[in-house]
Amino acid sequence: MLDFFTIFSKGGIVLWCFQGAGVSESFTGPVNALIRSVILQERSGNNSFNHEALSLKYKLDNEFELIFVVGFQKILTLTYVDKFIDDVQLHFRDRYKNELEQKGALKLLNNNFEFEDDFKMLLRGAEESSKARSPAPMRTFKESEKSQKTVKSMIETKGGDKGKEPGGKKNKNTKKEAPAAEPVKVDQSKNSSSGQKTVENGNQGMTPEEIVLKKREEFLRKRMGGNTEKPSKSPKPQKPREKQMRVWNMGGNSTKDLDYTKNGGGSPNGGEPNLEAQIDTGMQLSSMKGELLSVDYESSDDGDLIEEEEERAVVSETSKASAKKGGGFGGMFGMLKGLVGSKSLTREDMEAVLEKMRDHLIAKNVAAEIASQLCDSVAKKLEGKVMGTFTTVASTVKQALQESLVQILQPKRRVDILRDVMEAQSQRRPFVITFCGVNGVGKSTNLAKISYWLIENGFTVLIAACDTFRAGAVEQLRTHQRRLNSLHPPEKHGGRPVVQLYEKGYGKDAAGIAMEAIAYARNQAFDVVLVDTAGRMQDNAPLMTALAKLIAVNMPDLVLFVGEALVGNEAVDQLVKFNQALADHSMSDKPRLIDGIVLTKFDTIDDKVGAAISMTYITGQPIVFVGTGQTYNDLRSLNARAVVSALMKA
């Protein structure tokens, strides 16, 4: 029932493969998809992968750098596959251990791995064991416990008292046993009320004699104890504190400290007039020709990495465990054992370090679900791997996590917008970029920054005002257009404005406006069309349908999702639902999804850069632009290693 089983190295050398009877299709397509989508993107936390009609299960052998993959039809439910792939891995390792220990690709190619007989034996045993564990036959009614119950035992009243009949009359037995409660001298009213509260006081399931004994003990305890133990009363609420006057550190104690007119210049800078206030700040923008600068972080000496604390914890745990086993010298030997690479890593060895890593990632704004998946992926990547000499578990796990994070943030495809625009120029058509995202993340502001960057590189830009919903959206874009044209006057460009705004007012169809804008840009020979869309929440079905229609009708070259770096778990929900809406409302078999991400407000988060990891991990798409401020210059590209170093900083 298996379609195929293959064993190959992480270098891409196939050591052995098996193809099921009657299977004619090659398994290279599903295996390549598994490598591209899971192994290379550090998503190996889950050991299953679906590709078209096939379901693939895989297992990593980190000691010998091997991957075991089995494929079968998705409609089949094979319960023995997980145990079977473990058995094959152990059997293959034990049989060819000497050949696998030889380093080098040529030595692996020269070896002949005859494994078919052993494989069929293991497969036969797994299938027979699964048949032996067939589900037990259903019991008859007479064999079940339900047949032993009577109707009377199953009747329960509202309060849970089984002593009453359905008609509300009390049982005769309860009437006879009720006078036994008379030795306790309590009023009849109290007796009746206590009888009603037996269920509330935890007497359900007790016989009347046990209830009487319990009441008698409580009565004697109250008499003997007196009033020494009083029920604790709730503390009186404290009076709210009066509001204190706020004292500003730099505010001064009087208005005289703020008066600078005596200096003669009207400015705090020693009487000299503030020339920067008289000059338009936009004229001071630096050139942005060529590729964007990357986001960078300065490494501070105070920000120690989390490695030291984890190393101490791991070494102390190891020394404690060994001290229990080996007496007085156990602590010292345990510390050395924690440092020297003497054994292969297990999941138990990494559990404490992974737990701290997971908490650290969540504190750095990585979504909790993504942090767990990353740690599981690192654990599978390291399980069975032999540590290097004088290295701790913490340092090994930390290094593997850093490599995984860098791998996630690295673009999986070429991202070169300037080159793509020039290619569209050669085809005499505009390059179209659509911006989408939730409300208030900075779509229009970052669209203006990207416009400035494109103008600096000699391209003409047409802005399509497709946000026909928010009041003031068109006026905001018109202000940006006027501002950008003042920075690049038409006189310097042959009398033609480098930025123009295409708008049709409010309440119109956004998809129609975008289509007209693209046609206008083609006729007027604009190089780039930037389509601004209305902000929408991912749960708003009508607006999500309208966005999917705009993208499906106009087929832009690039669909950019604009998200802010402040979000944590919300980033996962936003991106998943945006992609899902684009796929659901698309009219083609291969729907157009998000192509890249614009990460805004990056200057407000210090080193809590986890949103970049969450967004990239969910979509598998690169972060194309990073917004780092309010001016047109504040646009950067992502530096994966700098972001990861900030993420791992304590």
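All figures in this text were calculated on a predicted structure; none of them were measured in a lab.

Two numbers describe how helix α2 (residues 81-95) lies on helix α5 (residues 116-132): the axes approach to 10 Å, and their chain directions differ by 150°. By the angle class used here, α2 and α5 are roughly antiparallel. In the packing of α2 onto α5, the handedness of the crossing is right-handed. Mapping the contact onto sequence places F84, D87, V88, H91 and R95 in α2 and D118, F119, M121, L122, L123 and A126 in α5. Across the contact of α2 with α5, the residue classes break down as seven nonpolar, one polar and three charged.

Another aspect to go through is the pattern of salt bridges. According to the stated counting rule, one finds 21 salt bridges in the structure shown. As a salt-bridge pair, K10 and E65 come within 3.7 Å of each other at their nearest N and O atoms. Separated by 55 residues along the polypeptide, K10 in the loop between β1 (2-9) and β2 (14-19) and E65 in the loop between β4 (54-61) and β5 (66-73) bring together distant segments of the chain. K10 gets classed as partly exposed once you look at its relative accessible area, which sits at 36%. You can call E65 partly exposed: its relative accessible area is 34%. R93 is the salt-bridge partner of E63, the closest N and O atoms lying 3.1 Å from each other. Within this pair, whereas E63 is found in the loop between β4 and β5, its partner R93 is found in helix α2, the two being separated by 30 residues in sequence. Of the residues examined, R93 reaches a relative accessible area of 19% and is grouped as buried. Salt bridges linked by common partners bring D61, E63 and R93 together as one network.

Now for the pairing of strand β3 (residues 48-51). Where β3 and β4 come together, four bridges link them in antiparallel fashion. Residue pairing for β4: N50 is matched across the bridge by S55. The turn linking β3 back onto β4 is made up of two residues, and E52 within it adopts a positive phi angle of 55°.

One can expect most non-glycine residues to show negative phi and most peptide bonds to be in trans. Phi is positive for E65, which is not a glycine, with a value near 55°. A positive phi angle, close to 55°, is found at K601, a residue other than glycine. Within the secondary structure, K601 sits in the loop between β11 (596-600) and α22 (610-619).

Two numbers describe how helix α14 (residues 368-382) lies on helix α15 (residues 393-409): the axes approach to 10 Å, and their chain directions differ by 120°. Relative to α15, the crossing made by α14 is right-handed. Taken together, the residues of α15 that come into contact with α14 (itself represented by L374, V378, K381 and L382) are T396, V397, A400, L401, E403, S404, L405 and I408. Looking at side-chain class alone, the contact of α14 with α15 contains eight nonpolar, two polar and two charged residues.

What follows concerns the UniProt feature "domain: SRP54-type proteins GTP-binding" (unreviewed entry) in the chain. The UniProt entry lists residues 622-635 under the feature "domain: SRP54-type proteins GTP-binding" (unreviewed entry), expressed in the numbering used here. Across residues 622-635 one finds 0% helix and 43% strand; the C-alpha atoms that close the span lie 16 Å apart.

Moving on: the sheet that holds strand β13 (residues 635-636). Spatial strand order, β8-β7-β9-β6-β10-β11-β12-β13: eight strands in an open sheet with mixed pairing. Of all the strands in the sheet, the pair left with one neighbour each is β8 (499-502) and β13. With four bridges connecting them, strand β6 (residues 431-436) and strand β10 (residues 558-564) associate as parallel partners. Paired with T434 across the bridge in β10 is V559. Contacts between helix α16 (residues 417-426) and the sheet are confined to β6, β9 (528-533), β10 and β12 (623-627), with β6 contributing the most and set at about 135° to the helix.

What follows concerns empty space enclosed by the protein. Where empty space is left can be seen by rolling a probe of water-molecule size over the atoms. Enumeration according to the criterion identifies two cavities of 30 Å³ or more in this entry. The computed volume of the largest cavity comes to approximately 40 Å³. The wall of the largest cavity is formed by Q41, R43, I408, K412, T616, Y617 and G620. Taken together, the residues of the lining of the largest cavity sort by class into two nonpolar, three polar and two charged.

What follows concerns the sheet that holds β4. Read from one edge of the open sheet, five strands run β2-β1-β5-β4-β3, paired in antiparallel fashion. The open sheet terminates on both sides in strands that have one partner only, identified here as β2 and β3. Sheet twist, expressed as the average angle between the axes of neighbouring strands with direction ignored, equals 15°. Across the face of the sheet, α2 comes into contact with β1, β2, β4 and β5 while running at roughly 40° to β4.

What follows concerns the layout of surface pockets. Estimates place the volume of the second largest pocket at around 690 Å³. Lining the second largest pocket are 32 residues; nearest its centre among them are K10, I39, L40, E65 and I67. Only β1, α1 (28-39), α14 and α15 provide two or more residues apiece to the lining of the second largest pocket.

Thresholds applied
- Residues numbered from 1 in each chain as written.
- Predicted model: local features only at pLDDT ≥ 70, side-chain atom pairs only at ≥ 80, totals over all residues.
- Heavy atoms only, no water.
- Axes fitted to C-alpha atoms, helices over the stretch in contact; angles between N-to-C directions.
- Helix = DSSP H or I, 4+ residues; strand = E, 2+ residues; numbered from the N terminus.
- Parallel < 35°, antiparallel > 145°, perpendicular 65-115°, else oblique.
- Left-handed = near helix turned anticlockwise from the far one by under 90°.
- Contact = heavy atoms within 4.5 Å.
- Nonpolar A, V, L, I, M, F, W, Y, C, P; charged D, E, K, R; others polar.
- Salt bridge = Lys/Arg side-chain N within 4 Å of Asp/Glu carboxyl O.
- Buried < 20%, exposed > 50% of the residue type's maximum accessible area, 1.4 Å probe, protein only.
- Pairing = 2+ DSSP bridges.
- UniProt positions renumbered as here; feature names shortened; annotations may be inferred.
- 1 Å grid on protein atoms, 1.4 Å probe; cavity = no way out; pocket = protein on both sides within 12 Å on 5 of 7 lines; lining within 4 Å.
- Points joined across faces, edges and corners; volume = space filled by probe spheres on them.

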